[in-house]
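Now for the letters of each chain:
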Amino acid sequence: MQTIKSFINKIKWDKRENPEDYALFYYDRILDRLVELPYGKILKLEGNFMIIDNEEESNIPLHREKLGFRCGLEIHQQLEGLKLFCNCPTLNSSKEPDGKLERRLRAVVGETGEIDVAAAHEMSKDKKFLYESNSEDTCLVEYDEEPPHELNKEALETTIKIALLLNARIVDEIQVMRKTVVDGSNVSGFQRTALVAMGGFIESSLGNVHIPTICLEEEAAQKLEEGKEFVKYRLDRLGIPLIEIATSADIKSPEHAKEVAAHIGMVLRSVEGVKRGLGTIRQDVNISIDNGARTEIKGFQDLKSIPKVIEYEVSRQLEAIKHGKKLEREVRKAEPDFTASFLRPLPGAARLYPETDVLPVRISDEMIRRMRKELPSLLSEKLADLEKRFSLSREMAKEVVDSGIFTELAGKLRNVEPSFIAHALISTPKELRKRYGLDASKLANKDFEEILGHLDEGRITKEAVIDIFADIIKGGKTDLKKYAAVAEEGIEMEIKKIVDSKPGLNISAYMGLVMAKYRGKIEGKKVMEILKKIMK
């Protein structure tokens, strides 16, 4: 196999080759399209770059592996239930604050006897921190005015299950550590974190990706506002249990990073007790190249943005190397345009020291055996089962996989196709919002069970289902008599009368007339069958 470099040189020096016959195609991930590059545009090869004439001189990396591309992920997932070190619920309350506090924070030395470089950087800003919260889901623990309670056992068990699904080895004893954080996101000046498992891995299309550590830690407070001399936080999020899953630098490409993040996300959603929805999961990407520096990029949730964020960071480091700039290890924030801005130097081991207010937790072999027996099926396995058992499309199976009621109804309602049950549960609520502007969240599982049960018994038609749901939302109940299915006896004669009364129309026009008259009382499929028979 020839490298790009050797092939380009062959075209240049082999007299049997005509350079005008050649063009190079490459995928520009920044532009998100395939770019054609005539051979004549290539000015020279320089190290790992192809220097091209493109209005102004620019460079293109010949291959990511030539650059020493290294990439790993950190996945942070919130858990349901109670907070990690107190009995407050994980509500993220939206009520007006009834508690406020003002503080300044200082960094302390870690186990190494040094102050962490990132903590020192934050402390140098000398900012005042303002905190507010509602007592519905905060207490004195969040304000660091009361010692932490014992480690949340349910959150620990959820973390162990996830670790086992990721093929990791559970540690013998959980030792909570303090991680110095003085940007104000923790009132105490540190985040409590505990190593739960090591040595995991997942299988991917490009080989195994190793997971050296899985930790359980406190979620940080939510930043509300920042000025030159202060930062304001809301404390309702502080203390929510958070799983941190860190991969090794086994990721081969930007698209591979997206695949790995999606797979880990699937494992997390397979386990009960994991929060769902926007803001409950975050991905950080660690990137470096030869002669560059390890950079951690934080602050994005959308999987689709991962490849472009990585490409932009690689391009930034390449440009700095090209101009002889020295790159430093740092943390950067992902921006909406996929670039990243500087946040602080990359922290190290100097910020960790033992937590003396929380007792260690022993993990017995018996506990691990019990957790293994309670492991759920992976979401990917559930999807395959739904597709096979109920003949659902992949997309529809993804929509209903988290719906506990779908499998129950599909097994009970023998006269309703599973695909229609899935449509009613997933698509009908969306249609109610779009067509009628109605709040479909007012529909309970019992409403779906009752109305689809009437359909199963033949008392109503499919066409009536959405209108009946609309009636329930508007008034709480509906009169099924006005939606009662028309008896098949005599319906063919009624349809023939409509056709005879308006000769010369096409079949679609007749379909509209019939459905308008018998709206919700007869299935469209049956009407079409009769019309085709009449109009032969």
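The structure under discussion appears in the preceding block.
Residues numbered from 1 in each chain as written. Predicted model: local features only at pLDDT ≥ 70, side-chain atom pairs only at ≥ 80, totals over all residues. Heavy atoms only, no water.

Topic: the overall build of the chain
So, step 1. Summing up its helical and strand segments, the chain has 15 helices and 22 strands in all.
So, step 2. Put simply, 67% of the contacts in the chain that link residues at least 6 apart link residues at least 24 apart.
So, step 3. Here the chain has roughly 28,300 Å² of accessible surface; of this, 50% comes from carbon and sulfur atoms. (Helix = DSSP H or I, 4+ residues; strand = E, 2+ residues; numbered from the N terminus. Contact = heavy atoms within 4.5 Å. Areas by Shrake-Rupley, 256 points an atom, 1.4 Å probe, with all protein chains shown as cover.)

Brief notes about the nonpolar core
So, step 1. Judged by nonpolar contacts, the single largest core of 100 residues is most densely connected at Ile-245 and Phe-406.
So, step 2. The element that contributes the greatest number of residues to this core is helix α12 (residues 462-475), accounting for eight residues.
So, step 3. In this structure, Ile-245 is in contact with Leu-73, Glu-74, Ile-75, Ile-162, Leu-166, Ile-211, Thr-213, Ile-214, Ile-264 and Leu-268, ignoring residues within four places of it in sequence.
So, step 4. Residues Leu-105, Ala-107, Phe-129 and Tyr-143 belong to the second largest nonpolar core, which totals 13 residues. (Core = buried A, V, L, I, M, F, W, Y, C linked by side-chain atoms within 4.5 Å. Buried < 20%, exposed > 50% of the residue type's maximum accessible area, 1.4 Å probe, protein only.)

Details of unusual backbone geometry
So, step 1. Even without glycine at this site, Asp-126 takes up a positive phi of about 50°.
So, step 2. Judged by its relative accessible area of 55%, Asp-126 is exposed.
So, step 3. Positive phi outside glycine occurs at Asp-144, with the angle close to 60°.
So, step 4. On the secondary structure map, Asp-144 appears in the loop between β8 (128-133) and α3 (153-165).
So, step 5. A relative accessible area of 32% places Asp-144 in the partly exposed class.

Focus on the packing of aromatic side chains
So, step 1. Inspection of the entire model under this criterion finds five aromatic pairs.
So, step 2. Ring plane angle 80° and centroid distance 5.2 Å describe the contact between Phe-390 and Phe-406, whose orientation is recorded as edge-to-face. Here Phe-406 lies in helix α9 (residues 404-412) and Phe-390 lies in helix α7 (residues 379-390), a separation of 16 residues in the sequence.
So, step 3. For Phe-406, a relative accessible area of 0% gives the class buried.
So, step 4. Taking 4.9 Å as the distance between ring centres and 55° as the angle between the ring planes, the aromatic pair formed by Phe-448 and Phe-469 counts as tilted. A residue pair is termed long-range when its members are at least 10 positions apart, and Phe-448 in helix α11 (residues 445-456) and Phe-469 in helix α12 qualify at 21 residues. When sorted by exposure, Phe-448 lands in the same class as Phe-469, which is buried.
So, step 5. What links up through ring pairs into an aromatic cluster is the set Phe-129, Tyr-131 and Tyr-233.
So, step 6. The positively charged end of Arg-192 is found above the aromatic ring belonging to Phe-85, 5.6 Å away from the centroid. (Phe/Tyr/Trp six-rings, centres within 6.5 Å; stacked < 30°, edge-to-face > 60°. Lys NZ or Arg CZ within 6 Å of the ring centre and 35° of its normal.)

So, empty space enclosed by the protein
So, step 1. Scanning the entire structure with this criterion turns up one cavity of 30 Å³ or more.
So, step 2. Volume-wise, the largest cavity comes out at about 120 Å³.
So, step 3. Along the walls of the largest cavity sit 15 residues, with Val-141, Glu-142, Arg-192, Glu-218 and Leu-238 positioned nearest its centre.
So, step 4. The residue inventory of the lining of the largest cavity, partitioned by class, reads seven nonpolar, three polar and five charged. (1 Å grid on protein atoms, 1.4 Å probe; cavity = no way out; pocket = protein on both sides within 12 Å on 5 of 7 lines; lining within 4 Å. Points joined across faces, edges and corners; volume = space filled by probe spheres on them. Nonpolar A, V, L, I, M, F, W, Y, C, P; charged D, E, K, R; others polar.)

Quick word on the environment of Glu-136
So, step 1. With respect to the secondary-structure elements, Glu-136 resides in the loop between β8 and α3.
So, step 2. Along the chain, Glu-136 and Pro-97 lie 39 residues apart, while their C-alpha atoms are 9.5 Å from each other.
So, step 3. Contacts of Glu-136, omitting those with residues within four sequence positions, involve Pro-89, Leu-91, Ser-93 and Lys-95.
So, step 4. Within polar-contact distance, the side chain of Glu-136 engages the side chain of Ser-93 at 2.8 Å. (Polar contact = N/O pair within 3.5 Å; in protein donor to acceptor, adjacent residues only side chain to side chain.)

So, the side chain of Glu-218
So, step 1. Structurally, Glu-218 is set in strand β13 (residues 209-218).
So, step 2. Residue Glu-218 is classed as buried on the basis of its relative accessible area of 7%.
So, step 3. Side-chain polar atoms of Glu-218 contact the backbone nitrogen of Arg-192, separated by 2.8 Å.

What to know about the packing of α9 against helix α10 (residues 418-436)
So, step 1. Direction vectors running N to C along α9 and α10 enclose 145°, while the axes themselves pass 10 Å from each other. Crossing of α9 against α10: the hand is right-handed. Residues Ile-405, Phe-406, Leu-409 and Ala-410 of α9 touch α10, and the partners they reach there are Pro-418, Ile-421, Ala-422 and Leu-425.
So, step 2. In terms of residue class, the contact of α9 with α10 is made up of eight nonpolar, no polar and no charged. (Axes fitted to C-alpha atoms, helices over the stretch in contact; angles between N-to-C directions. Left-handed = near helix turned anticlockwise from the far one by under 90°.)

Examining the environment of Pro-241
So, step 1. Inspection of the secondary structure assignment puts Pro-241 in strand β16 (residues 241-246).
So, step 2. On the accessibility criterion, Pro-241 (0% relative accessible area) is buried.
So, step 3. Pro-241 sits 23 residues away from Glu-218 along the chain, and the two C-alpha atoms are 5.3 Å apart.
So, step 4. When neighbours within four sequence positions are excluded, Pro-241 is seen to be in contact with Gln-77, Gln-78, Leu-79, Leu-82, Lys-83, Leu-84, Thr-90, Asn-152, Ala-155, Leu-216 and Glu-217.

Considerations on the pairing of strand β19 (residues 330-334)
So, step 1. Taking burial as the measure, the five residues of β19 include four buried ones, the bulk of the element.
So, step 2. Bridge analysis of strand β18 (residues 295-300) against β19 gives four bridges, and the strand direction is parallel. When the sheet's bridge partners are listed, Thr-295 is paired in β19 with Glu-330.
So, step 3. Tracing the backbone out of β18, into helix α5 (residues 306-322) and back to the parallel element β19 gives a crossover that is left-handed. (Pairing = 2+ DSSP bridges. Right-handed = clockwise from strand over helix to strand, strands pointing away.)

Some details on the packing of α10 against α12
So, step 1. α12 packs onto α10 with a crossing angle of 55° between their chain directions and a minimal axis gap of 10 Å. Compared by their axis directions, α10 and α12 come out oblique. In the packing of α10 onto α12, the handedness of the crossing is right-handed. Here Phe-420, Thr-428, Glu-431, Leu-432, Arg-435 and Tyr-436 of α10 come into contact with α12, specifically with Lys-462, Val-465, Ile-466, Asp-467, Phe-469, Ala-470 and Ile-473.
So, step 2. For the contact of α10 with α12, the per-class residue count stands at eight nonpolar, one polar and four charged. (Parallel < 35°, antiparallel > 145°, perpendicular 65-115°, else oblique.)

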